[in-house]
Amino acid sequence: ANSFQLSANYEVMNGLEVRLAYKNTLQKIQYEQGLLPKPLQAQERFFVNTSYKTPETDQGGYWHFDATLNHVGSMRLPSTSSNPVAYQVQTHSQPYDLVNFQVNKFFSNHFSLYFGGENVLDYTQHKAILANDSPFSDFFDGSIIYAPINGRMFFAGLRYSVGNHLTLPIAIGIT
């Protein structure tokens, strides 16, 4: 196995921070047919996060914006070549991107509202479960999940903090 990671944090201006990270991991396993990359392990990953916090008001209120991009590179998938064609997957996955964001409005140290989204680009894996139409067959396989199986989701809520250690969140989500 070989792994390389590089990350950087930078405050662009007062309140605006950017985080970048790149990771390259190559893990190989010896099989009968030779040395192959570890299945379901992306060789490359890239991460970008931007965060902006407005100056606080006299009452302690402020806005906080946060957005994240995760790029997941291609990965080798376990071989399904001996399955019937309808129950086969490609030898490698397609790279994909995930985007998440959250906006928080803090009114004070005790009360805030928030909303956000996960998997905003709505990327989902096709054929997440092989032979899902035949769950008792030899080809039924739910172990080749390499990407999100749920689509985009939006959420909103409020937080009320009682003291320093107890927070009461109330949230709703929409998919």
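Coordinates for the structure precede this section.
Computed from a predicted structure; not experimentally measured.

So, how was this worked out
Residues numbered from 1 in each chain as written. Predicted model: local features only at pLDDT ≥ 70, side-chain atom pairs only at ≥ 80, totals over all residues. Heavy atoms only, no water. Helix = DSSP H or I, 4+ residues; strand = E, 2+ residues; numbered from the N terminus. Contact = heavy atoms within 4.5 Å. Phe/Tyr/Trp six-rings, centres within 6.5 Å; stacked < 30°, edge-to-face > 60°. Buried < 20%, exposed > 50% of the residue type's maximum accessible area, 1.4 Å probe, protein only. Salt bridge = Lys/Arg side-chain N within 4 Å of Asp/Glu carboxyl O. Pairing = 2+ DSSP bridges.

### Quick notes on the side chain of Asn119
- Position of Asn119 among the secondary structure elements: in the loop between strand E8 (111-118) and strand E9 (153-162).
- Apart from residues no more than four positions distant in its own chain, Asn119 is found in contact with Leu98, Val99, Asn100, Thr124, Pro148, Asn150, Gly151 and Arg152.

### So, the packing of aromatic side chains
- Following the criterion strictly, the structure yields eight aromatic pairs and no others.
- Following the ring pairs from residue to residue traces out a cluster consisting of Tyr52, Trp63 and Phe65.

### Quick notes on the environment of Ala86
- Here Ala86 shows up in the loop between strand E6 (62-72) and strand E7 (96-106).
- Judged by its relative accessible area of 53%, Ala86 is exposed.

### Examining the pattern of salt bridges
- Per the counting criterion, the structure on display carries three salt bridges.
- Note that Arg19 and Glu17 form a salt bridge whose closest N and O atoms lie 3.1 Å from each other.
- Between Glu56 and Lys53 there is a salt bridge, with its nearest N and O atoms 3.7 Å apart.

### Some thoughts on the pairing of strand E1 (residues 2-13)
- The buried fraction of E1 amounts to zero of the twelve residues, a small share that puts the element mostly on the outside.
- Examined bridge by bridge, E1 and strand E2 (residues 16-26) share eleven bridges and lie antiparallel to one another. Within E2, the position partnered with Glu11 by the bridge is Glu17.
- Counted between consecutive antiparallel strands, the loop separating E1 from E2 contains two residues, among which Gly15 sits at a positive phi close to 95 degrees.

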